[in-house]
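Chain by chain, the residues run as shown.
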4 protein chains.
Amino acid sequence: MDNALRHLQEKVYEANMALVRHGLVVLTWGNASEIDRELGICGIKPSGVPYEELRPEHIVLVDMEGKVVEGDLRPSSDTPTHLVLYQQFSGIGGIVHTHSRYATAWAQAMRPLPCFGTTHADVFYGAVPCTRPLTEEEISGDYERHTGLVIVETFQNLGIDPLHVPAVLVAQHAPFVWGENAAKAVETAVTLEEVAAIALWTQVAQEAWQKLSPVSQALLDKHFWRKHGEGAYYGQG
Amino acid sequence: MDNALRHLQEKVYEANMALVRHGLVVLTWGNASEIDRELGICGIKPSGVPYEELRPEHIVLVDMEGKVVEGDLRPSSDTPTHLVLYQQFSGIGGIVHTHSRYATAWAQAMRPLPCFGTTHADVFYGAVPCTRPLTEEEISGDYERHTGLVIVETFQNLGIDPLHVPAVLVAQHAPFVWGENAAKAVETAVTLEEVAAIALWTQVAQEAWQKLSPVSQALLDKHFWRKHGEGAYYGQG
Amino acid sequence: MDNALRHLQEKVYEANMALVRHGLVVLTWGNASEIDRELGICGIKPSGVPYEELRPEHIVLVDMEGKVVEGDLRPSSDTPTHLVLYQQFSGIGGIVHTHSRYATAWAQAMRPLPCFGTTHADVFYGAVPCTRPLTEEEISGDYERHTGLVIVETFQNLGIDPLHVPAVLVAQHAPFVWGENAAKAVETAVTLEEVAAIALWTQVAQEAWQKLSPVSQALLDKHFWRKHGEGAYYGQG
Amino acid sequence: MDNALRHLQEKVYEANMALVRHGLVVLTWGNASEIDRELGICGIKPSGVPYEELRPEHIVLVDMEGKVVEGDLRPSSDTPTHLVLYQQFSGIGGIVHTHSRYATAWAQAMRPLPCFGTTHADVFYGAVPCTRPLTEEEISGDYERHTGLVIVETFQNLGIDPLHVPAVLVAQHAPFVWGENAAKAVETAVTLEEVAAIALWTQVAQEAWQKLSPVSQALLDKHFWRKHGEGAYYGQG
């Protein structure tokens with residue numbers, strides 16, 4: 001058992017550091033967790049610890065009620081959200097929470113991220129849903145647990161299988177992403193951020209196409225043919 | 001012949017790694033291939049192998065029907081698209097497929113990328129076309145081959161020489177780019193991504209110019225002259 | 001006392017270099033300062049010195065009237081702004097000024113940066129205010145001191161506690177950010193830049209959602225199921 | 001004299017490499033030159049040579065008519081543009097041409113880049129002008145020389161001193177930037193790119209402010225106070 005927990009800490013540590021490497025977090029924002037369903041133990045990032053100081057042994061181990069079973073550090077303040085998701089989405093093994101720039105923009109717009117192309121469709125079977133905003137009551141009492149509950153409610157109301165759309169946008173907050181383990185959740189968070197960005201630029205492309213005019217044939221001819229074909233005079237030819 | 005195939009694998013490996021270096025791919029997205037037209041053999045990235053684990057000997061060698069002629073790995077799932085292009089565009093020797101952020105935005109907008117300036121005109125002789133969306137029938141059967149066919153159809157319908165416009169946007173998907181070899185196709189993919197981005201910002205510049213007002217003469221005077229001329233007091237003078 | 005000043009220089013040096021590491025400054029733009037309230041001495045970046053040449057001993061020590069108490073270098077031309085803030089905002093110990101891209105955009109738009117989400121709310125208790133433009137008189141005489149005064153005026157008029165909203169946008173100029181010390185002010189400047197960016201993309205997301213349509217069910221099915229479940233044929237299986 | 005020319009090559013080489021370091025060029029786009037006005041010799045990047053292969057001795061030395069006075073390589077195809085500027089703008093000593101992303105967007109929009117803030121005003125005394133498009137005749141004959149002439153015409157028509165606004169946007173093309181030497185021109189090109197970007201985001205900020213609404217007081221309270229003051233429960237306390 002000891003070994004299983006050390007291994008869990010290692011994996012959660014690696015996933016948290018991968019968030020930094022992929023540019024998904026700044027400062028101490030964001031956290032990754034993984035669950036050992038056999039032991040009923042979840043490993044999660046400690047609250048507010050800078051990534052450069054983070055070590056595998058700092059990963060906090062909590063039981064399904066959120067009680068720390070080992071270690072002196074406080075777990076992430078988002079721990080109750082993670083635990084609700086592990087309880088309600090039985091098929092998942094790892095969770096990632098970030099405030100990555102583009103996915104957070106969609107969460108702040110309080111809009112689902114529609115599937116505008118195959119990059120999205122490869123990973124998410126339809127729009128990534130956005131929750132409703134929390135009520136004042138939900139915010140003032142047990143806020144982080146309610147964040148988990150509103151995610152579950154969203155998937156239930158929309159009839160979405162969380163294994164088919166392994167991410168959500170929490171309204172006015174940021175994304176939560178999950179998968180079979182923490183490493184897989186990180187990978188899906190990378191995809192979410194990328195498709196969130198591409199979706200924005202799709203809109204700007206649409207506008208550019210409608211409103212701008214191309215260059216003249218003369219300029220097109222000049223620039224293409226000064227680099228191509230017999231009359232080219234660019235380079236050391 | 002053995003040496004020619006080893007060399008082909010090397011070149012395809014280098015082109016795939018260059019995609020990563022140029023920031024055109026994330027995770028395992030994207031692939032590059034090159035053809036040895038004499039041998040009728042195409043080298044292409046294996047499917048779903050992480051770039052950090054990729055080695056030259058992993059490059060899958062397939063014949064023109066897509067049969068693997070050497071190696072244990074499955075070729076990229078996009079192999080049938082590459083093969084259609086090699087068959088129909090006889091002047092090309094290398095192909096690159098990415099989901100690079102800005103080019104993909106144009107593909108998702110289902111709009112051709114117009115030529116808005118000389119950066120574009122230097123490499124593409126006119127707009128980079130966008131295919132029509134595939135039909136349900138084309139999607140459900142032999143999807144990747146139909147992706148190649150709709151690219152060819154697009155160039156034929158528009159009467160574009162694929163050597164003069166060496167790239168296409170597949171609607172709701174992403175770009176395919178080609179050239180005399182894989183290295184050249186990578187370079188053209190870099191250009192495509194750059195001009196796709198500049199085209200977006202051209203639209204925002206146009207709007208900014210129409211809607212915003214410049215600073216006052218007083219502020220302009222203050223900031224310019226505190227750094228320039230006789231009364232300057234910025235720096236160690 | 002000598003040691004206290006050396007230590008102050010070290011901390012101010014570190015904060016200035018952290019601005020570079022976080023990508024908040026280009027060329028010689030931006031500066032960080034910290035005050036030793038006991039000694040009444042402020043350490044600040046010298047004017048126009050390139051970051052790569054900056055050493056702790058270059059940090060200029062000035063008293064509360066801006067007189068250099070040690071060193072041969074001229075202090076940042078923004079020193080009078082820093083001093084006004086230290087005088088009027090008694091609870092702060094460090095100040096950072098940058099022209100970071102996204103926060104500066106909001107300053108140029110002459111709009112407060114509204115709180116669109118929890119990333120913002122975690123650090124700023126409400127909108128980050130924007131000053132009024134300076135008058136011609138304020139610009140032409142004692143410009144940098146007036147910049148400080150208009151910041152103070154803005155917080156007084158709006159009744160904002162500068163410890164609850166530790167940043168401001170100076171109209172048509174750029175942000176000033178503060179905190180208990182210079183290191184903390186740098187961290188807050190990182191957050192400001194990030195939430196300024198996310199706020200922009202929130203607007204674009206809103207537009208994209210209103211104006212674009214998602215892909216067909218057929219394309220969604222194809223791409224999701226070619227990578228997931230029993231019929232998947234992506235990767236090395 | 002030999003030494004002076006070696007030194008000129010060194011400086012032009014350094015300026016060209018600085019363009020890469022500052023992220024202002026991709027592939028082989030862009031070039032920097034410097035003139036030795038005493039000798040009447042201009043050093044400029046050779047055409048189409050990749051930056052990673054560039055060495056100081058590759059810098060091509062040309063006289064004021066563009067004749068190569070030393071070396072086997074062809075000078076940049078933009079050499080005639082540089083020479084017109086050196087001839088007509090007698091106070092300048094170095095020129096940089098890039099297709100940097102944001103400045104090029106403004107050139108493609110065929111709009112001057114207005115001065116929206118002090119970052120701009122610190123370096124450019126007013127809007128950075130945009131030329132008219134070249135005529136078909138100008139494009140088809142002596143294109144690069146006409147590019148220089150239309151720049152000069154723009155400054156003359158607008159009555160702008162090129163030392164006060166040391167840059168121009170060539171319509172549908174890209175920026176040219178100058179200064180007392182090549183190193184200074186590179187620095188100004190960095191500023192131009194940065195203010196071109198900030199100007200775009202100023203427009204988006206303006207729109208975001210007009211169209212989006214902030215979060216509720218309840219959410220603001222929750223997030224700010226869970227990290228600040230007596231009831232805070234974030235971090236390791």
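Reading the values: rules and limits
Residues numbered from 1 in each chain as written. Chains lettered and ligands numbered in written order. Predicted model: local features only at pLDDT ≥ 70, side-chain atom pairs only at ≥ 80, totals over all residues. Heavy atoms only, no water. Contact = heavy atoms within 4.5 Å. Buried area = accessible area lost by both parts, 1.4 Å probe. Salt bridge = Lys/Arg side-chain N within 4 Å of Asp/Glu carboxyl O. Polar contact = N/O pair within 3.5 Å; in protein donor to acceptor, adjacent residues only side chain to side chain. Helix = DSSP H or I, 4+ residues; strand = E, 2+ residues; numbered from the N terminus. Nonpolar A, V, L, I, M, F, W, Y, C, P; charged D, E, K, R; others polar. Pairing = 2+ DSSP bridges. Axes fitted to C-alpha atoms, helices over the stretch in contact; angles between N-to-C directions. Buried < 20%, exposed > 50% of the residue type's maximum accessible area, 1.4 Å probe, protein only. Least-squares fit on C-alpha atoms with pLDDT ≥ 70 in both. Lys, Arg positive; Asp, Glu negative; His and termini not counted. Core = buried A, V, L, I, M, F, W, Y, C linked by side-chain atoms within 4.5 Å.

**Student:** Any chance you could break down the interface of chain D and chain B for me, citing the residues and the numbers?
**Tutor:** Counting residues at the interface gives 37 residues for chain D and 38 residues for chain B. Taking both sides of the interface into account, the surface hidden between chain D and chain B amounts to around 3,300 Å²; carbon and sulfur atoms contribute 66%. Where chain D touches chain B, the interface holds two salt bridges. Of the charged contacts, one joins Glu-194 of chain B and Arg-101 of chain D as a salt bridge, the two residues approaching to 3.0 Å between their closest N and O atoms.

**Student:** Residue-level account of the interface of chain A and chain C, with values.
**Tutor:** Each partner contributes residues to the interface: chain A has 37 residues there, and chain C has 38 residues. Taken together, the two surfaces of chain A and chain C that pack against each other cover about 3,300 Å², and 66% of this comes from carbon and sulfur. Taking the shortest distance from any N to any O, the salt bridge between Asp-122 of chain A and Lys-227 of chain C comes out at 3.7 Å. Counting the contacts that link chain A with chain C gives ten residue pairs in polar contact (both at pLDDT 80 or more). Elements that contribute at least two residues to the side of chain A that touches chain C include exactly α3 (101–109), α4 (118–121) and α7 (182–211) of chain A. Tallying contributions element by element places α7 of chain A first for the side of chain A that touches chain C, with eight residues. Residue composition of the side of chain A that touches chain C, by class: 21 nonpolar, twelve polar and four charged.

**Student:** If you had to explain the sheet that holds strand β4 (residues 68–70) of chain D to someone new, which residues and values would you point to?
**Tutor:** Residues and elements named next belong to chain D. On the basis of which strands lie adjacent, the open sheet formed by seven strands has the order β4-β3-β2-β1-β5-β7-β6 and antiparallel pairing. Edge positions in the sheet fall to β4 and β6 (167–169), since each of these pairs with one other strand and no more. Looking at each pair of strands side by side, their axes are set apart by 25° on average, direction ignored. Sheet strands touched by helix α7 (residues 182–211): β1 (31–36), β5 (94–97), β6 and β7 (175–179). Its angle to β7, the strand with the most contacts, is close to 135°.

**Student:** I'd like a description of helix α8 (residues 217–225) of chain D, backed by residues and values.
**Tutor:** Among the residues of α8 of chain D, those classed as buried are Ala-218, Leu-219, Leu-220, Lys-222, His-223 and Phe-224 of chain D. On its buried face, α8 of chain D sits against α5 (136–140) and α6 (143–158) of chain A together with α4 (118–121) of chain C.

**Student:** Talk me through the relation of the copies chain D and chain B; I want residue IDs and the actual numbers.
**Tutor:** Put simply, the second copy of the chain is the first one after a rotation about an axis and a shift along it. Take chain D, turn it by 90°, move it 0.0 Å along the axis, and it overlays chain B with an RMSD of 0.0 Å. When the rotation and shift are considered jointly, the pair of chain copies conforms to a four-fold rotation axis. If distances are taken from each C-alpha of chain D to the rotation axis, the shortest is found for Val-204 of chain D, at 5.7 Å.

**Student:** Any details on the side chain of Lys-222 of chain D? Residues and values, ideally.
**Tutor:** Along the polypeptide, Lys-222 of chain D turns up in helix α8. Here Lys-222 of chain D sits buried without a salt bridge, and the closest side chain of opposite charge, Glu-144 of chain A, lies 5.0 Å off (N-O distance). Polar side-chain contacts of Lys-222 of chain D include one of 3.1 Å to the side chain of Tyr-233 of chain D. Excluding anything up to four places from it in sequence, Lys-222 of chain D contacts Ile-139, Ser-140, Tyr-143 and Glu-144 of chain A together with Tyr-233 of chain D.

**Student:** Go over the environment of Leu-73 of chain B with me, naming the residues and quoting the values.
**Tutor:** You can see Leu-73 of chain B is positioned in the loop between β4 (68–70) and α2 (79–88). In this structure Leu-73 of chain B comes out as partly exposed when scored by relative accessible area, which is 26%. Separated by 14 residues in the primary sequence, Leu-73 of chain B and Ile-59 of chain B have C-alpha atoms spaced 8.3 Å apart. Setting aside its immediate chain neighbours within four residues, Leu-73 of chain B contacts Pro-46, His-58, Val-60 and Val-68 of chain B together with Gln-236 of chain C.

**Student:** Can you break down the pattern of salt bridges residue by residue, with the values?
**Tutor:** Tallying each qualifying case throughout the model produces 48 salt bridges over all chains. We note a salt bridge from Arg-6 of chain B to Glu-70 of chain B, for which the minimum N-O separation is 2.8 Å. Remark: Glu-70 of chain B occurs in strand β4 and Arg-6 of chain B occurs in helix α1 (residues 2–21); sequence separation between them is 64 residues. Put simply, Arg-145 of chain C and Asp-142 of chain C hold a salt bridge, and the shortest N to O gap is 3.3 Å. When salt bridges with common partners are traced through the structure, they connect Asp-2, Arg-6 and Glu-70 of chain A into a single cluster.

**Student:** A description of the nonpolar core should follow, citing residues and the corresponding values.
**Tutor:** Trp-201 of chain A, Trp-201 of chain B, Trp-201 of chain C together with Trp-201 of chain D are the most contacted members of the largest nonpolar core, which has 290 residues in total. Those residues in contact with Trp-201 of chain D, other than ones at most four positions away along the chain, are Trp-201 of chain B, Arg-101, Tyr-102, Ala-105, Leu-200 and Trp-201 of chain C together with Tyr-102 of chain D.

**Student:** Explain the sheet that holds strand β4 (residues 68–70) of chain A to me, and be specific about the residues and the numbers.
**Tutor:** Each strand in a sheet pairs with its neighbour through backbone hydrogen bonds, running either in the same direction (parallel) or in the opposite one (antiparallel). Residues and elements named next belong to chain A. Strands sit in the order β4-β3-β2-β1-β5-β7-β6 across an open sheet of seven strands; the sheet is antiparallel. In this open sheet, the two strands that pair with only one neighbour each are β4 and β6 (167–169). The average angle at which neighbouring strand axes cross in this sheet is 25°, direction not considered. Across four bridges, the pairing between strand β1 (residues 31–36) and strand β5 (residues 94–97) is antiparallel. Looking across to β5, one finds that Ser-33 is bridged to Ile-95.

**Student:** Please provide a residue-by-residue account of the pairing of β1 of chain D, values included.
**Tutor:** Residues and elements named next belong to chain D. With six of its six residues buried, β1 lies for the most part within the structure. By the alternation rule, side chains of β1 split into Asn-31, Ser-33 and Ile-35 and Ala-32, Glu-34 and Asp-36, which are all buried. Where β1 and strand β2 (residues 41–44) come together, four bridges link them in antiparallel fashion. Pairing of Glu-34 across the sheet is with Gly-43, part of β2.

**Student:** Break down the pairing of β2 of chain D for me, citing the residues and quoting the values.
**Tutor:** All names here are of chain D. Burial of the side chains of β2 extends over both faces: Ile-41 and Gly-43 are buried on one face and Cys-42 and Ile-44 on the other. Linking β1 to β2, which pair antiparallel, is a turn of four residues; within it Gly-40 sits at a positive phi near 70°. Direction of pairing for β2 relative to strand β3 (residues 60–63): antiparallel, over a ladder of four bridges. The residue of β3 that forms the bridge with Ile-41 is Asp-63.

Any link to function would need more than the numbers given here.
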